[in-house]
Amino acid sequence: MTRSALQTHATASVLGIRHLRKEYRAGVPVLKDINLDIGAEGLTAIIGPSGTGKSTLIRCINRLVDPTSGEIWFEGQDIAKVQGSGLRHIRRRIGMVFQEYNLVERLSVMENILSGRLGYIPVWRAFLRKFPDADITRAFELLDAVGLGADFATRRADKLSGGQRQRVGIARAIMQDPGLVLADEPTSSLDPKTSVEIMELMAEMSARRGIPIVVNIHNVELAKRFAHRVIGMTGGMVVYDGPPDGLGAHHLAEIYGGEDWQ
Amino acid sequence: MSASTLARAAFPPDWTKRFVWIGLAIYTVYAISTLDIDGARIARGMANAARLFDRMFPPNLQPDKLELIKDGMIESIQIAILATFVGVLLSLPMGLAAARNLAPPWVSWTARAIIAVLRSFHPVIVAILFVKAVGFGALAGILALIVSTMGFVSKLFAEVVEEISAKQVEAVRATGASFFAVLIFGVFPQVMARFVGLTVYQFDSNLRNSTMVGIVGGGGIGAPLFTAYQRFDYDVVLTILLIIIGLIMIAEFVSARIRRIFQ
Amino acid sequence: MMETGNDPRVWTRFTPAERIGRSIVYIVSAIAIVWSLQTVEIIPEFLYDAPEQTADLFARMWPFDLKFWPVVWSTLVETFHIATLGTILAILLALPLSFLAARNFTANPILRWIAQFIFVSSRSVNSLIWALLFVAIFGPGALAGVFSIAVRSIGFVGKLFGEALEEAHQGPIEALTATGAPRAAILLKGYWPQAEPAFWSVALLRWDINIRESAVLGLVGAGGIGVALDAALNNLYWDQVGLMLATIFAVVVVTEIVTSFVRSRII
């Protein structure tokens, strides 16, 4: 593919993945030749069994894991090899929501949300907790938007329930002003009812703010209910890519191996 | 007992443990025999102890002695404060450098080697060397205690940093924060309470040691204490000891409060 | 977006009470440091001289006086005895006291307070100062060293072991009490098995510390390698001092390796 062709492609989609391969140990690929394009909006779900490389794929995109080969096109550049401040500039445009929330436990809710701005402000401001007023106003607004409210601002993160923590995690990701949000098993540590609420919140955030979200998820029902597009992975390869309605029993059998999982 | 050998053994004998205990007992008897203890020496010791206590009580509270003690105590406290401040300030980067989860291997091993050297000498020996290098007085004591502070605080601080949750750090890194911003928002919040705890603990420890460096010329209450001892003014010695104990008790109480404020 | 009101919402990192507590600590610390800096006497001439003096010091230490090794070795063995016997004596004295200090074992607050007071006194006074007192009693020599190490360690061992006892689970102890076991049996089969790992860990830790401490007791005449060190320092035999410092360094490193090995085996 020529470079110009790729760039026209990049304008149509937010994220373009080309021939992505990742080996933790040489010769044992976890991801084999992944090719994907993520559109400018909506919630995309990646489903598949544990250990199939979903998490590695997500982490390759914001380079918490370094890919072995391939290209990742985001905002007009191949980010698969960027380093240093270039990498930090990419990361601040990609929000991330984690399975175990990964809030800094001993910081307040507000500090956790504001940490989404760390890529934008100088270090001395971070040290003195002197965030720009606009950031603080926006953080309060997000605190309301994720359904927590200003009362939570000064609570310490380790005092919150799982669902509340994940709401803070989502607020932190949106606080980054991202062009893309990645979510790695955001509901796996939550009870079923809270899982639905969190997925609802993410779908709403995606629709209302026009931010594309890519979610790794175990739960096929939740994926079908909230995603406009489902990507099925197994053995480090994409085996299904299409609307949730198109996902049939035979696809699931292929993805999860055999029928007995049902 | 023959019955127990016939029956199944409910408790298999732990021979390693028995071996350790027997070995320890034999060693103890042997080591005591090298100390030349005999009846006459014990008797003499008892008589000496009686005389010592007789001279100690009542503690000497004469104003001129108290004045001297006050100056020495204040200097000891100042030595402890400055040694803690400088030592802890230097331990912060040293501990981070020694933490294997943050620093590259060559940095952390260098830092670990430096810490091992700093830790290996007793503050009194370090004080002797500093007295030779910078002369008699509080400065030698301060420098000696800075060395022991760095040895202790950096080692334990590095251990604390190595125990932090990598997930919380990863999340902050994923926002695009720079290395220092990750330290400030991802690492420090997890370790600061423990660091404050180490600092106040080390202050207590420095206070104790600052009463001792004076014996080798490092300033503080140690010098008047040693002089009083050599002149057999045991009542003054007792006064100084009581003041030291009181001061340490107050310091431990205050440290507990400070630790709670920064929990 | 929705505005709940037109008052700008402010965020502060700490509640007022937290802020006051922290501010007090910061301000008092700052004052203490400034106060100390102003009064501590530093003679500049000595300081300018320091690099030269230090270089001179090391130059005089090297090469080591290896003919002195037999003396170093015999005093080193004595140092080892002082540290080990002192630790053993400290444990023997501290064990009963730690039971007195443990809240779940001793109900009487006065007994507990007495035990705590002994611990604090023992820990507050430095081993070197304890050594002064015991040299006055027993005369110069290793015996005074053993006692000063022991008395200094009682507080450390007793406090930590007492805390380990307080953390013992009450379940097994209640179960033994319910069988009508006598108090001694409860102690041996209820408390001891739970506290034994902590006991060994505390004993090893203190032994490690005592090896370091016993190396300096000789400076006030309480036996060990410190006696030889003191003599060499007074006579300015720096090549002997260098040999002894290197030896002490080696011993400390070996001790640390041994204790961490034993700790990993038994705990």
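Quantities reported herein were computed from a predicted structural model and do not represent experimental measurements.

*Asks:* Give a detailed account of the overall build of chain C, specifying residues and quantitative values.
*Replies:* A count of helices and strands for chain C gives ten helices and zero strands. Traced from its N-terminal end to its C-terminal end, chain C shows the element sequence α-α-α-α-α-α-α-α-α-α. By the compact-globule yardstick of 18 Å for 267 residues, chain C is too spread out, its C-alpha radius of gyration being 26 Å. Along the longest, intermediate and shortest principal axes, the C-alpha atoms of chain C span 75 × 70 × 35 Å. Per-residue burial over chain C gives 47% buried out of 267 residues. Of all intrachain contacts in chain C linking residues separated by at least 6 positions in sequence, the fraction that spans at least 24 positions is 73%. Just so you have it, chain C exposes about 13,700 Å², and 69% of that area is on carbon and sulfur atoms. Distance between charge centres in chain C, computed from 17 positive and 20 negative side chains, equals 11 Å.

*Asks:* Mind laying out the interface of chain C and chain B, listing which residues take part and the relevant values?
*Replies:* Residue-level contacts link 61 residues of chain C with 61 residues of chain B. The junction of chain C with chain B conceals about 5,600 Å² of combined surface from both sides, 75% of it contributed by carbon and sulfur atoms. The interface formed by chain C and chain B holds three salt bridges in total. Residues C:R123 and B:E252 are paired through a salt bridge, measuring 3.2 Å at the closest nitrogen-oxygen approach. Where chain C touches chain B, the interface holds ten residue pairs in polar contact (both at pLDDT 80 or more). A per-element tally of the side of chain C that touches chain B places helix α1 (residues 16–39) of chain C first, with ten residues. When grouped by side-chain class, the residues that make up the side of chain C that touches chain B number 42 nonpolar, eleven polar and eight charged.

*Asks:* Let's hear about the packing of aromatic side chains: which residues, and what values?
*Replies:* Evaluation of the coordinates by the stated rule reveals 24 aromatic pairs over all chains. Note on C:F161 and C:F199: the rings are 5.5 Å apart at their centroids and 70° apart in plane angle, and the pair reads as edge-to-face. Placement of the pair is C:F161 in helix α6 (residues 142–166) and C:F199 in helix α8 (residues 183–214), with a sequence separation of 38 residues. A network of ring pairs unites the aromatic residues B:W21, C:F99, C:F161, C:Y191, C:W192, C:F199 and C:W200 as a single cluster. It is A:K22 that lies over the ring of A:Y24; its NZ or CZ is 5.0 Å from the centre.

*Asks:* Could you give an account of a nonpolar patch on the surface, naming the residues involved and the relevant values?
*Replies:* Together, B:M249, C:I110, C:L111, C:W113, C:I114, C:F117 and C:I118 give the surface a local cluster of nonpolar side chains, amounting to about 660 Å² of exposed area. Of note, C:I110 is situated in helix α4 (residues 109–124). A relative accessible area of 59% means that C:I110 is categorised as exposed.

*Asks:* Explain the interface of chain B and chain A to me, using residue names and the numbers behind them.
*Replies:* Listed as interface residues are 21 residues of chain B and, on the opposing side, 29 residues of chain A. The junction of chain B with chain A conceals about 2,200 Å² of combined surface from both sides, 62% of it contributed by carbon and sulfur atoms. For the interface between chain B and chain A, the tally reads two salt bridges. Across the pair B:E170 and A:R59 runs a salt bridge, and its minimum N-O distance is 2.5 Å. Linking chain B with chain A are six residue pairs in polar contact (both at pLDDT 80 or more). If you list the elements that add at least two residues to the side of chain B that touches chain A, you get α8 (166–174) and α9 (179–210) of chain B. Ranked by residues supplied to the side of chain B that touches chain A, first place goes to α9(B) with eight residues.

*Asks:* Any chance you could break down the confidence of the model for chain C for me, citing the residues and the numbers?
*Replies:* Residues and elements named next belong to chain C. Taken over all residues, the pLDDT of chain C has a mean of 84, while the share at 70 or more is 95%. Throughout residues 1–6 the model reports pLDDT below 50, and contacts reaching past four residues in sequence, or to other chains, amount to five contacts. Two numbers describe this predicted complex: its pTM, 0.81, and its ipTM, 0.84.

*Asks:* Explain helix α2 (residues 54–61) of chain A residue by residue, including any values.
*Replies:* All names here are of chain A. Of all eight residues that make up α2, seven are buried, and the element is covered over most of its length. Residues of α2 that are buried: K54, T56, L57, I58, R59, C60 and I61. Once α2 ends, the next one or two residues include R63, with phi positive near 65°.

Parameters and conventions
- Going along each chain's sequence as written, the residues are numbered from 1 onward.
- Chains and ligands are labelled by the order in which they are written, letters from A for the one and numbers from 1 for the other.
- The model is predicted, so local features are restricted to residues of pLDDT at least 70 and side-chain atom pairs to those at 80 or more, both for listing and for counting; the totals for chains, interfaces and linings are taken over all residues.
- By convention in this description, side-chain values take in all heavy atoms of the structure and omit both hydrogens and water.
- Strands here mean DSSP runs of E at least two residues long; helices mean DSSP runs of H or I at least four residues long; both are numbered from the N terminus.
- With C-alpha atoms as the basis for the radius of gyration, the globule rule is written as 2.2 Å multiplied by the number of residues raised to the power 0.38.
- Burial classification: accessible surface area is computed with a 1.4 Å probe over protein chains only, and a residue below 20% of its type maximum counts as buried, one above 50% as exposed, and the rest as partly exposed.
- The contact rule is simple, with two residues in contact once any of their heavy atoms fall within 4.5 Å.
- Per-residue and other accessible areas follow the Shrake-Rupley method at a 1.4 Å probe size, with only the shown protein chains counted as cover for residues.
- Only four residue types enter the tally: Lys and Arg on the positive side, Asp and Glu on the negative side, with His and both chain ends excluded.
- In plain terms, the charge of a residue is placed at NZ if it is Lys, CZ if Arg, CG if Asp and CD if Glu.
- Buried area is a sum: the accessible area each of two parts loses on coming together, probed at 1.4 Å, counted once for each and added.
- Any carboxyl oxygen of Asp or Glu within 4 Å of a side-chain nitrogen of Lys or Arg constitutes a salt bridge here.
- Any pair of N or O atoms that falls within 3.5 Å is considered a polar contact. Within protein, one atom must be able to donate a hydrogen and the other to accept it, and sequence-neighbouring residues count only if both atoms are side-chain atoms.
- Only Asp, Glu, Lys and Arg are considered charged, only Ala, Val, Leu, Ile, Met, Phe, Trp, Tyr, Cys and Pro nonpolar, and every remaining residue, Gly among them, polar.
- Only rings of Phe, Tyr and Trp enter the pairing, Trp through its six-membered ring, and a pair is recorded when the two centres are within 6.5 Å. The plane angle decides the type: under 30 degrees is stacked, over 60 is edge-to-face, the rest tilted.
- Remark: a charge is flagged as sitting over a ring if the NZ atom of Lys or the CZ atom of Arg is within 6 Å of the ring centre and within 35 degrees of the ring normal.
- Nonpolar side chains (Val, Leu, Ile, Met, Phe, Trp, Tyr) are joined into patches within 5 Å and like charges within 9 Å, using only residues with over 30% relative accessible area and no salt bridge.
- Note on scores: pLDDT gives the predictor's confidence for each residue, bounded by 0 and 100.

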